[in-house]
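# Chain and residue survey
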Amino acid sequence: MSLPLTILGGYLGAGKTTLINRLLSGTHGNRLTILVNDFGAINIDADLIAEHAGDTISLANGCACCQLQDDALKQLQELAAMTDPPDHILVEASGAGEPARLAYLGYGVSGLQLAGVYVAIAADTLAVRRKDKFTGKLVGRQIAQADFCLLTKTDLTADD
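A few points on the structure. (Residues numbered from 1 in each chain as written. Predicted model: local features only at pLDDT ≥ 70, side-chain atom pairs only at ≥ 80, totals over all residues. Heavy atoms only, no water.)

### Let's talk about the pairing of strand 2 (residues 32-37)
Of all six residues in strand 2, six are buried; the element is thus mostly enclosed. Every second residue of strand 2 is oriented toward a common face, with Leu32, Ile34 and Val36 on one face and Thr33, Leu35 and Asn37 on the other, all of them buried. The pairing of strand 2 with strand 4 (residues 88-92) spans five bridges and is classified as parallel. The residue of strand 4 that forms the bridge with Val36 is Glu92. (Buried < 20%, exposed > 50% of the residue type's maximum accessible area, 1.4 Å probe, protein only. Helix = DSSP H or I, 4+ residues; strand = E, 2+ residues; numbered from the N terminus. Pairing = 2+ DSSP bridges.)

### With respect to the nonpolar core
Core analysis: the biggest nonpolar cluster contains 24 residues, and Leu5, Ile7, Leu76, Ile89, Val91 and Leu112 have the highest contact counts within it. Sorting the residues of this core by element identifies strand 1 (3-9), helix 3 (69-80), strand 4, helix 4 (99-107) and strand 5 (112-122) as the ones contributing at least two each. Looking at this core element by element, the count peaks at six residues for strand 5. Ignoring anything within four residues of it in the chain, the contact list for Ile7 reads Val91, Pro99, Leu102, Ala103, Leu114, Gly116, Val117 and Tyr118. One finds Leu8, Ile20, Leu32 and Ile34 within the second-largest nonpolar core, a separate group that totals seven residues. (Core = buried A, V, L, I, M, F, W, Y, C linked by side-chain atoms within 4.5 Å. Contact = heavy atoms within 4.5 Å.)

### Thoughts on the environment of Ile143
The residue Ile143 is located in helix 6 (residues 136-144) in this model. Under the relative-accessibility criterion, Ile143 is labelled partly exposed at 21%. As for Ile143 and Ala120, which are separated by 23 residues in sequence, their C-alpha atoms are 8.6 Å apart. Leave out the neighbours within four places in its chain, and Ile143 touches Val119, Ile121, Leu126 and Cys149.

### Quick word on the packing of aromatic side chains
Enumeration over the complete set of coordinates arrives at two aromatic pairs. Plain terms: the ring middles of Tyr104 and Tyr107 are 6.1 Å apart, the flat faces sit at 40° to each other, and that makes the pair tilted. In this pair, Tyr104 and Tyr107 are both assigned in helix 4, three residues apart and thus about one turn of the helix distant. Of the two residues, Tyr104 and Tyr107, both sit in the exposed class. Seen in terms of ring centroids, Tyr118 and Phe148 are 4.7 Å apart; in terms of plane orientation they differ by 20°. Their pairing is stacked. In this pair, Tyr118 sits in strand 5 while Phe148 sits in strand 6 (residues 148-152), placing the two residues 30 residues apart along the sequence. When its relative accessible area of 24% is taken as the criterion, Tyr118 is described as partly exposed. (Phe/Tyr/Trp six-rings, centres within 6.5 Å; stacked < 30°, edge-to-face > 60°.)

Okay, structure coming up:
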């Protein structure tokens, strides 16, 4: 049996952590293990993740798709090899990362099956972010790498 692996990407402030907290508080009956990739020495996102019955593993001080590939790969291998593994693994990519790079890590782990690359997109800031000279290209790459796009913060925009 394959252990499903989902990658969740999206730029900073897109709603990834809120989405994870909603998944964790849901009544779906699945035991989730969350790998949180914080970019920097302080684990901001890991601290914002709600308590849950599964595990939250923080990969801090770098981007798992770049500097922390070995750590992320090791964690995925250990999870896949567990006698009693979780029902699903979710990796939250850094807002500055490219989620497809994390998905490639999962391909090399026996027992894992990529369930998809999801990218959170904040409806209220997408237009500005895509035009930003510093983040615009990254936002475009994140969206292009998605199997599924999740439009968040739609309540903060006009109906039209």
